[in-house]
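# A closer look at the structure
The lines below spell out each chain.
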Amino acid sequence: MPLVSLEPVLKTALRDKFAVAAFNPVDYASMKAMVRAAEEIDSPVIIQSSAKTIRYYGHAALAAWMRELAADSAVPVVLHLDHGKDMQMIRTCIDSGWTSVMIDASDKPFEENLQLTGQVVEWAAQAGIGVEAEIGEIGGVEEDLVVDEDSVTLTDPEEAERFCKALDLSAFAAQIGTAHGNYRREPSVAFDLIADINRRTGTPMALHGGTGLSEDTFRRCIELGCAKINISTNLKHVFIDSFTQFKADNPNNYEPLNYLSAQFDALKALFKAKMTLFGSAGKSAAVLASIG
Ligand code: 13P
């Protein structure tokens, strides 16, 4: 089926208390592994490209790969831009077939963030696609975004309410105590803040920094209103480690396709495990029903 917009996917997830995994692919095979994993357990999935990945392959290649993979698939697949900081890149994603974009102006003053996000919401509405936006910078390292974890402050729930009421967002990201990359210390997730923001806004929340959180943390976050969970670092580790492990186990094997198969299987197993944990297995039909 064609790629679907973020909005009906996350509305269904919030209503039915599950979350949809959003993985950052690094190549065509990792995208394919995401779609195959989703198909095997009948789950919706969000494939989110970072700005760095777009700069590496170009918009046209990524969009063509994703259109082809989704067209052959019966499960709902969203193509999303993660942490869009460049308005021109966001515009080109919208024009190239992305079905959701994140505008991350969280490093700007509140009013400027509101104004820039408003512009993207207008573009996205014309294209019939979803928007994720953020206030309260998320710490850690995400591709070429580096934010000092010790300098971030939790999102102000009143600001979150003002922001979400002013804009029609499919997903809202906030600083709730998680961080991108590997955790340097045990994360202290502000569960009460998630509940408060969700109560005030009713907007599905996007949980950033999914690598390294415990199963219990995921479950509590989903219960409180996180409907999209981002995983990137975990994928990168499996991508590299599965390749090098195959070499260690098969030192004389120089058939590249054997390496790629081992990597594909390891990634697919990771994706299925996360989707199952987030409760999205078997939820394709509910999402499709909400699209109509
Ligand atoms: P991790 O790299 O910590 O999994 O975070 C991913 C993320 O939040 C992407 O926006």
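Residues numbered from 1 in each chain as written. Predicted model: local features only at pLDDT ≥ 70, side-chain atom pairs only at ≥ 80, totals over all residues. Heavy atoms only, no water.

### What to know about the site of the ligand
What counts here: One heavy atom suffices: a residue is near a molecule or strand as soon as one of its heavy atoms comes within 4 Å of it. Any pair of N or O atoms that falls within 3.5 Å is considered a polar contact. Within protein, one atom must be able to donate a hydrogen and the other to accept it, and sequence-neighbouring residues count only if both atoms are side-chain atoms. Only the protein chains shown count as cover for residues, with accessible areas throughout obtained via the Shrake-Rupley method and a probe of 1.4 Å. Each helix is a run of DSSP H or I of at least 4 residues and each strand a run of E of at least 2, with the numbering of both proceeding from the N terminus.
Close to the ligand lie 15 residues, the nearest being Asp 82, Gly 209, Thr 211, Ser 232 and Thr 233. At 2.5 Å, a side-chain N or O of Thr 211 approaches an oxygen atom of the ligand. The side chain of Asn 230 places a nitrogen or oxygen atom 3.1 Å from an oxygen atom of the ligand. Contact with the protein chains removes 100% of the 310 Å² of surface that the ligand exposes when unbound. If you list the elements that add at least two residues to the shell around the ligand, you get strand 3 (77-84), strand 9 (179-180) and strand 11 (226-231).

### What about the packing of aromatic side chains?
Put simply, the test is: Centres within 6.5 Å are what make two rings of Phe, Tyr or Trp a pair, Trp counting through its six-membered ring; a difference in plane orientation under 30 degrees is then read as stacked, over 60 as edge-to-face, and the rest as tilted. By definition here, charges over rings are those cases where NZ of Lys or CZ of Arg is within 6 Å of the ring centre and within 35 degrees of the ring normal.
Scanning the entire structure with this criterion turns up nine aromatic pairs. One aromatic cluster is present, formed by Tyr 28, Tyr 56, Tyr 57 and Trp 65 through successive ring pairs. When the ring centre of Trp 123 is taken as origin, the NZ or CZ atom of Arg 91, which lies over that ring, is 5.0 Å away. Directly above the ring of Phe 191 sits Arg 220, whose terminal nitrogen or CZ lies 3.8 Å from the centroid.

### Quick look at the pairing of strand 2 (residues 45-49)
We count it as follows: Only protein chains enter the accessibility calculation, which uses a 1.4 Å probe; a residue whose area is less than 20% of its type maximum is buried, one above 50% is exposed, and one in between is partly exposed. Two strands make a pair as long as DSSP finds a minimum of two bridges between them. By convention, a crossover is right-handed whenever its connection, traced from the first strand over the helix to the second and viewed with the strands pointing away, goes clockwise.
Within strand 2, five of the five residues are buried, which leaves it mostly tucked inside the rest of the structure. Judged by which residues are buried, strand 2 turns out to be covered on both faces: Val 45, Ile 47 and Ser 49 on one side and Ile 46 and Gln 48 on the other are all buried. Direction of pairing for strand 1 (residues 20-23) relative to strand 2: parallel, over a ladder of two bridges. By the bridge assignment for strand 2, Phe 23 is matched with Ile 47. After leaving strand 1, the chain enters helix 2 (residues 28-40) and then returns to the sheet as strand 2, a path that is right-handed.

### Thoughts on helix 2
To keep things clear, this is the line we draw: In a helix, the anticipated span is given by 1.5 Å times the number of residues less one. Whether two residues touch is decided by their heavy atoms; if any such pair falls within 4.5 Å, the residues are in contact.
With 13 residues, helix 2 ought to run about 18 Å at 1.5 Å a step, and its terminal C-alpha atoms sit 18 Å apart, in line with that. Among the residues of helix 2, Ser 30, Met 31, Ala 33, Met 34, Val 35, Ala 37 and Ala 38 are the ones counted as buried. On its buried side, helix 2 packs onto strand 1, strand 2, helix 4 (59-71), strand 3, helix 10 (233-249) and helix 11 (256-277). Following helix 2 by one or two positions, Asp 42 adopts a phi angle in the positive range, close to 55°.

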